[in-house]
Amino acid sequence: MARLVGAICTSHIPAIGHAIARGLEQDAYWRPFFSGYPRAREWLAGVNPDVAIVVYNDHGLNFFLDKMPTFAVGAAPEYRNADEGWGLPTTAPYRGDPELSWHIIEALIDREFDVTSCQEMLVDHGFTVPLALLWPEGAPPGLRTVPVCLNTIQQPLPSPTRCFKLGRAIGRAVASYSQDLRVVVIGTGGLSHQLDGQRAGFINKEFDLMCLEKIVAAPLALTRFTIEDLAILAGTQGVELISWLVARGALDEHVAKVHSHYHIPVSNTAAGLMVLENAGG
Ligand code: DHB
Ligand code: FE
């Protein structure tokens, strides 16, 4: 049977992709941020996952305001990246796992999550930057991916509690897959940030540190917030925390914290990292 080993939650700021492309990891601005990642990479290398389920939000590359699924799941043999206008180098395509994708999609719809299935899907910086951070030498050739895309862009957004439940359903779907696979979930986005409007540059360290604490052993405390609460407390783009809640929901009730890291700011954003292992993992 497939086994969900653990989860990594991380910010996905495009500037990180620039820093990687230019080899700036040891610069004074970047070192305190990148210093958080070797431990996460070491854990991943130990886990050696066959599949990464990447829970993220698209920012206008694949979905735009005219058609905006609340939840979309990739079911393609590969996922291509393309120019989003951030000036990031376009990455090589990522391998998919259509069989596992369809198993997850069927299981989710069976559990009343009516997701949009995507047999073609471009993946943006919400997907590519975390993978570049976690696998700086490039994703291992055998690694397959399943993109799970959440709407954080256009109201109405899915609530934190709904996202946590989606995660639970994904966790059960993985556990019921007959192939012997090691699976990790990667949740991307956050932590607090707001990119435009009067509060552009808003960061809430106290709230972020509370989230980093609660996500480990008391994630239900975070599901009590509404989307509006999150926009007020974490900024309008801080609602990307819902990807972390999907990832946490996919894990067992009891998890072990492997590692966490927090650094402000990176660009306009509070950069957070959390590595969690299923207790049985
Ligand atoms: C930034 C953060 C994001 O999450 C994003 O999607 C784009 C930009 C930033 O802080 O620059
Ligand atoms: Fe974002």
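Keep in mind the model is a prediction, meaning the values are calculated, not measured.

By the definition in use, this model includes 5 salt bridges. Linking Lys67 and Asp66 is a salt bridge whose minimum nitrogen-to-oxygen distance equals 3.1 Å. Judged by its relative accessible area of 58%, Asp66 is exposed. Where Arg144 meets Asp97, a salt bridge forms, and the shortest distance between an N and an O atom there is 3.2 Å.

As a further point, take the packing of helix 7 (residues 205-217) against helix 10 (residues 241-250). Direction vectors running N to C along helix 7 and helix 10 enclose 20°, while the axes themselves pass 10 Å from each other. Here helix 7 is positioned roughly parallel relative to helix 10, judged by the angle of their axes. Crossing hand, helix 7 versus helix 10: right-handed. When helix 7 is examined against helix 10, the residues Cys211, Leu212, Ile215 and Val216 are found in contact with a partner set consisting of Leu241, Trp244, Leu245 and Arg248.

Attention now moves to helix 1 (residues 14-21). Regarding helix 1, the residues found buried are Pro14, Ile16, Gly17, His18 and Ala19. Looking at the buried residues of helix 1, the elements they touch are helix 2 (31-34), helix 5 (125-134) and strand 9 (255-266). Directly beyond the C-terminal end of helix 1, a positive phi value near 65° is found at Gly23.

Applying the stated criterion across every chain, the model contains 1 cavity of 30 Å³ or more. Computed from the structure, the largest cavity encloses a volume of approximately 30 Å³. Forming the walls of the largest cavity are Asp58, Phe63, Met68, Pro69, Cys149, Leu150, Asn151, Thr152 and Ile153. Of the residues contributing to the lining of the largest cavity, the split by class is 6 nonpolar, 2 polar and 1 charged.

Before going further, it helps to spend a moment on helix 10. Most of helix 10 is tucked away, with 10 of its 10 residues classed as buried. All of the buried residues in helix 10 are Leu241, Ile242, Ser243, Trp244, Leu245, Val246, Ala247, Arg248, Gly249 and Ala250.

A separate point is the side chain of Ser101. Inspection of the secondary structure assignment puts Ser101 in helix 4 (residues 98-110). Of note is the side chain of Ser101, whose polar atom sits 2.7 Å from the backbone oxygen of Gly74. Look past the residues within four positions of Ser101 in its chain and what remains in contact with it is Gly74, Ala75, Tyr79 and Val146.

Spatially, 6-3-7-2-8-1-10-9 is the arrangement adopted by the 8 strands of the open sheet, whose pairing is mixed. With one partner strand each, in any of the chains shown, strand 6 (116-118) and strand 9 form the two edges of the open sheet. Averaged over all adjacent pairs, the angle separating strand axes in this sheet is 20°, with direction ignored. Of the strand pairs in this sheet, strand 1 (residues 3-10) and strand 10 (residues 269-278) are connected by 5 bridges, and their pairing is antiparallel.

Let us now look at the pairing of strand 9. Note: strand 9 against strand 10, 9 bridges, orientation antiparallel. Bridging from a neighbouring strand, His263 pairs with Ala271 of strand 10. Where strand 9 folds back on strand 10, the antiparallel hairpin that results is connected by 2 residues, among which Ser267 adopts a positive phi of roughly 55°.

Thresholds, definitions, all that
All chains use their own residue numbering, which begins from 1 and follows the written sequence. Labels follow written order: the first chain is A, the first ligand is 1, and so on. Local features are withheld for residues below a pLDDT of 70 in this predicted model, meaning they are given only at 70 or higher, and side-chain atom pairs are given and counted only at 80 or more; totals for whole chains, interfaces and linings count all residues. Side-chain descriptors were evaluated using all non-hydrogen atoms of the structure, hydrogens and water having been removed beforehand. A pairing counts as a salt bridge when a side-chain nitrogen of Lys or Arg comes within 4 Å of a carboxyl oxygen of Asp or Glu. The buried label applies to any residue whose accessible area, calculated with a 1.4 Å probe on protein chains only, is under 20% of its type's maximum; exposed applies above 50%, and partly exposed to all values in between. To get an axis, fit a line to the C-alpha atoms, keeping to the stretch in contact for a helix; angles then go from 0 to 180 degrees between the N-to-C directions. Where helices and strands are cited, they refer to DSSP runs of H or I of at least four residues and of E of at least two residues respectively, numbered from the N terminus. Small angles under 35 degrees read as roughly parallel and large ones over 145 as roughly antiparallel, with 65 to 115 read as roughly perpendicular and the rest as oblique. Should the near helix be turned counterclockwise from the far one by less than a right angle, the crossing is left-handed, whereas a clockwise turn marks it as right-handed. Any pair of residues with heavy atoms lying within 4.5 Å of one another is described as a contacting pair. Lining residues are those with an atom within 4 Å of a point, where the points come from a 1 Å grid over the protein atoms alone and group into cavities, where a 1.4 Å probe fits but cannot get out, or pockets, open sets with protein on both sides within 12 Å along at least five of seven lines. Grid points are joined across faces, edges and corners, and a volume is the space filled by probe spheres set on the points. Lys, Arg, Asp and Glu make up the charged group, whereas Ala, Val, Leu, Ile, Met, Phe, Trp, Tyr, Cys and Pro make up the nonpolar group; the residues left over, Gly among them, are polar. The term polar contact refers here to a pair of N or O atoms within 3.5 Å; inside protein, the definition further demands a hydrogen-donor-capable atom paired with an acceptor-capable atom, and it admits residues adjacent in sequence only when both atoms are side-chain atoms. The pairing criterion for strands is at least two bridges between them, as found by DSSP.

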